[in-house]
Every structure is written in structure tokens, then in C-alpha cells.
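Close look at the chain arrangement
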Amino acid sequence: MGGNSGEREISLLSGNGVLTALKNQGFNAEKFDPAEQNLNQLKNFDIAFIALHGRHGEDGCIQGTLELLGIPYTGPNVMTSAIGMDKYRTKLIWKAAGLATPDSLTFGKNDTFDEQTYQQIIGKLSLPVFVKPATEGSSIGINKANNLEQLKIAIEIAFQHDDLIIVEQAILGGGEFSIGILGDLALPIIKIVPKNDFYDYDAKYNRDDTEYLCPAPDFSPEQVAKISAEAVQAFKALGGTGWGRIDFLCDNNKKHYFLEINTSPGMTSHSLVPMEAGKIGISYEELVIKILELAEQNKK
């Protein structure tokens, strides 16, 4: 838990939740913070529950370290974690797999931004758009742009967090959703109803007025089955194993568009996967054990 990414504080909340759950069930569990402890000390552990979020924790770095040390760990492997942290390359794979994802344009720090560039963006994607760093999580650095001036500011902010950014078509009208994956099982879909303009960092972690509707009331049983099957497909297309979370948006016609994968989802009091698991009778403590069991299976 912890680490040195922009999501450190959230990771500490997740990690402490998991640690308490393990200790309550009699496990000999200890916290490990890569930002404060030498990675060589990991050699003393039998298995690692990864509650790190963001860079160095969710992008394949810690996964590679654990593999070199021969320690089984929760969540997807190095490759899936690395690709999943990169929204641009995730979208490329999903498109190749025939899965719907919002149209987007990708830019690097050395690209020139002049009026022609901005008009190209607006011409292809229309307004509003979302501008986001390609490799950050927890909605860090993401902004919605409703006009040209906001677009310029949003691009500037995104580049403060990453050298690669995505300008993405805004899918509006049908809501924001998430679906957890536990092994081969898709958990109940959750609908997120933020009081902010969209589900940003503040709505995720600081506000208590964000509504979570689970199971989401928007879909017929047939739609739930289709979305669930495609979410598992999206997870597997990236090589996903263990557990994860897929976020998606819907338009006015309830057509769904996959946004991104989370390969080390949150385990805080506001987190989505524990809420979804609870709806099918899996308590927080049981969820922690199931995730650990999947790690052991993957090792074999």
C-alpha cells in the first residue's frame, strides 16, 4: 500500500482496509509501503495483496518485482497491468477486439497546438470532450471541456500529469457505470450518480453526496447479460486474471462504451467493487480472501 503515485492517500485507505480484514480473519499480515521500505524486504512474504494504485503500483512495476522474487500477487500480471494503465493502448486493443470505446485523439508533449489543431479536435470529436492523461488513475488530471477556451486549459492541465494525453468524445445522456470482475465472474453493474459535472476525484473520495445504485436500474436482464459478457471479454482481451474493474458510459440509447480498466481497484469505504460484491452476498472480508485465492490459482 502507499507508494509514491498521485493516488498514494487512496492506496493507504485501501491497504489499511485490506490489512484490517486480513488480521480480523487471523492472517499474519503486515503492511508494506514501497515508498518507505526497501523492496528487498518483500522476500520475507509468502503472498502479496496489491492495494497500490497508479504508477509503479498498477502499471506492472511492482508486479515485475514480485515475479522476480517469486512471490504470488493479487490482480493481473505485468503485461496486463502495463497496458491497462495506458488508456490509449487499452483502447487500441478493445477496438481490435470489436468492443465499443469512445472516439479519441492522442497527443504527445512535443505536438504543436495551434488553431488548426483545436479545430481538428472539434471537427472530429465535437464538443464537449474529456481531456485526460493517458497513464493516470482516479480521474487525476481529467477535465471536461465544453468550449474552445476550456479545451485549451484542459490540455494544459493534462500535460502537467503526463507526456501523452487523450482527447475523448463525451458520451452523454445515459450515465456512468462500473462493473467488477472476479475471476470469470462479472459482478453486478453499479451506476454512479455524481453531483459534480462528472465522476471526478472529488466525487470519488471527498464528497458524501455521490449516489451509487447497485444493481444499476437502467438495463434489462438481456442488456445486463450482454454488458457483463463484454466486460469479461474486455478484461480477458488485455490478458486480465484475478480481479479488476471495467468502467463504461452509456449514451441516450443505452449503448455502452468501455472507458478503461482498473487492475488494482480501490478497497476503500467509497470503493465500487466491494459494494458490488456485497450485493451478491460477498462481504468485504470474504472478498479479500477470494482475491487472495485467485492469486494462488494464477500462480499454479
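Here, every reference points to the structure presented above.
Residues numbered from 1 in each chain as written. Predicted model: local features only at pLDDT ≥ 70, side-chain atom pairs only at ≥ 80, totals over all residues. Heavy atoms only, no water.

Thoughts on the overall build of the protein
- Counting secondary structure elements, the protein contains 10 helices and 10 strands.
- Relative to the compact-globule value of 19 Å for 300 residues, the protein shows a C-alpha radius of gyration of 19 Å, a close match.
- Referenced to the eigenvectors of the C-alpha coordinate spread, the extents of the protein come out at roughly 60 × 45 × 35 Å.
- Taking as baseline every contact in the protein between residues at least 6 positions apart, the subset at least 24 positions apart corresponds to 65%.
- Treating the 27 positive side-chain charges of the protein as one cloud and the 39 negative ones as another, the clouds have centres 3 Å apart. (Helix = DSSP H or I, 4+ residues; strand = E, 2+ residues; numbered from the N terminus. Rg over C-alpha atoms; globule rule 2.2 N^0.38 Å. Contact = heavy atoms within 4.5 Å. Lys, Arg positive; Asp, Glu negative; His and termini not counted. Charge placed at Lys NZ, Arg CZ, Asp CG, Glu CD.)

A short note on the packing of aromatic side chains
- According to the stated counting rule, one finds 10 aromatic pairs in the structure shown.
- Ring centres of phenylalanine 177 and phenylalanine 219 lie 5.0 Å apart, and the angle between their planes is 50 degrees; on these two criteria the pair is classed as tilted. Taken as a pair, phenylalanine 177 in strand S5 (residues 173–182) and phenylalanine 219 in the loop between strand S8 (211–213) and helix H8 (221–237) lie far apart in primary sequence, 42 residues in all. Neither phenylalanine 177 nor phenylalanine 219 differs from the other in exposure class; each is buried.
- Measuring from centroid to centroid gives 6.0 Å for phenylalanine 248 and phenylalanine 258, while their planes differ by 75 degrees, and the two rings are edge-to-face. Taken together, the residues phenylalanine 248 in strand S9 (residues 243–251) and phenylalanine 258 in strand S10 (residues 256–262) connect sequence positions 10 residues apart.
- Residue phenylalanine 248 is classed as buried on the basis of its relative accessible area, which comes to 1%.
- The ring centre of tyrosine 257 lies 5.2 Å from the NZ or CZ of lysine 255, which sits over that ring. (Phe/Tyr/Trp six-rings, centres within 6.5 Å; stacked < 30°, edge-to-face > 60°. Buried < 20%, exposed > 50% of the residue type's maximum accessible area, 1.4 Å probe, protein only. Lys NZ or Arg CZ within 6 Å of the ring centre and 35° of its normal.)

Brief notes about the pattern of salt bridges
- Evaluated as defined, the whole model comprises 12 salt bridges.
- A salt bridge links arginine 55 to aspartate 162, with the shortest nitrogen-to-oxygen separation between them at 3.6 Å. In this pair, arginine 55 sits in the loop between helix H1 (8–24) and helix H2 (61–69) while aspartate 162 sits in the loop between helix H6 (148–159) and strand S4 (164–169), placing the two residues 107 residues apart along the sequence.
- Classification of arginine 55 as partly exposed rests on a relative accessible area of 29%.
- Two residues, aspartate 247 and arginine 245, come together in a salt bridge whose shortest N-O distance is 3.0 Å. Neither aspartate 247 nor arginine 245 differs from the other in exposure class; each is buried. (Salt bridge = Lys/Arg side-chain N within 4 Å of Asp/Glu carboxyl O.)

Observations concerning unusual backbone geometry
- The omega torsion across leucine 127 and proline 128 is 0 degrees, close enough to zero to call that bond cis.
- With respect to the helices and strands, the residue proline 128 is situated in the loop between helix H5 (115–125) and strand S2 (129–133).
- Omega for the peptide link from cysteine 214 to proline 215 comes to 0 degrees, which places this bond in the cis form.
- With respect to the helices and strands, proline 215 occurs in the loop between S8 and H8.

Quick notes on the nonpolar core
- In this structure, Leu22, Phe49, Leu182, Trp243, Leu287 and Val288 are the most contacted members of the largest nonpolar core, which totals 22 residues.
- At the level of secondary structure, the elements contributing two or more residues to this core comprise H1, helix H9 (272–279) and helix H10 (284–299).
- Top contributing element to this core by residue count: H10, with six residues.
- Excluding residues within four positions of it along the chain, leucine 22 makes contact with Phe27, Ala29, Val288, Ile289 and Leu292.
- Core analysis: the next-biggest nonpolar cluster, separate from the first, contains 20 residues, Ile181, Ile246, Cys250 and Phe258 among them. (Core = buried A, V, L, I, M, F, W, Y, C linked by side-chain atoms within 4.5 Å.)

Let's talk about helix H3 (residues 78–85)
- All buried positions along H3 are accounted for by Thr80, Ser81, Gly84 and Met85. Looking straight down H3, one finds its buried side chains confined to an arc of 120 degrees; they lie on one side.
- For H3, the N-terminal cap is asparagine 77; the gap from its side-chain oxygen to the backbone nitrogen of methionine 79 is 3.3 Å. (Arc of directions from axis to C-beta. Polar contact = N/O pair within 3.5 Å; in protein donor to acceptor, adjacent residues only side chain to side chain.)

Thoughts on the side chain of arginine 8
- Along the polypeptide, arginine 8 turns up in helix H1.
- Polar contacts involving the side chain of arginine 8 include one to the main-chain carbonyl oxygen of glycine 3, which spans 2.7 Å.
- For arginine 8, the residues in contact, after removing those within four places along its chain, are Gly2, Gly3, Asp33, Ala35 and Glu36.

Concerning H2
- Along H2, the positions that sit buried rather than exposed are Ile62, Gln63 and Leu66. Take H2 and look down its axis: the buried residues cluster within an arc of 105 degrees, on one side only.
- In the core, the buried residues of H2 are packed alongside H3.
- Two residues or fewer after H2 comes glycine 70, characterised by a positive phi angle close to 75 degrees.

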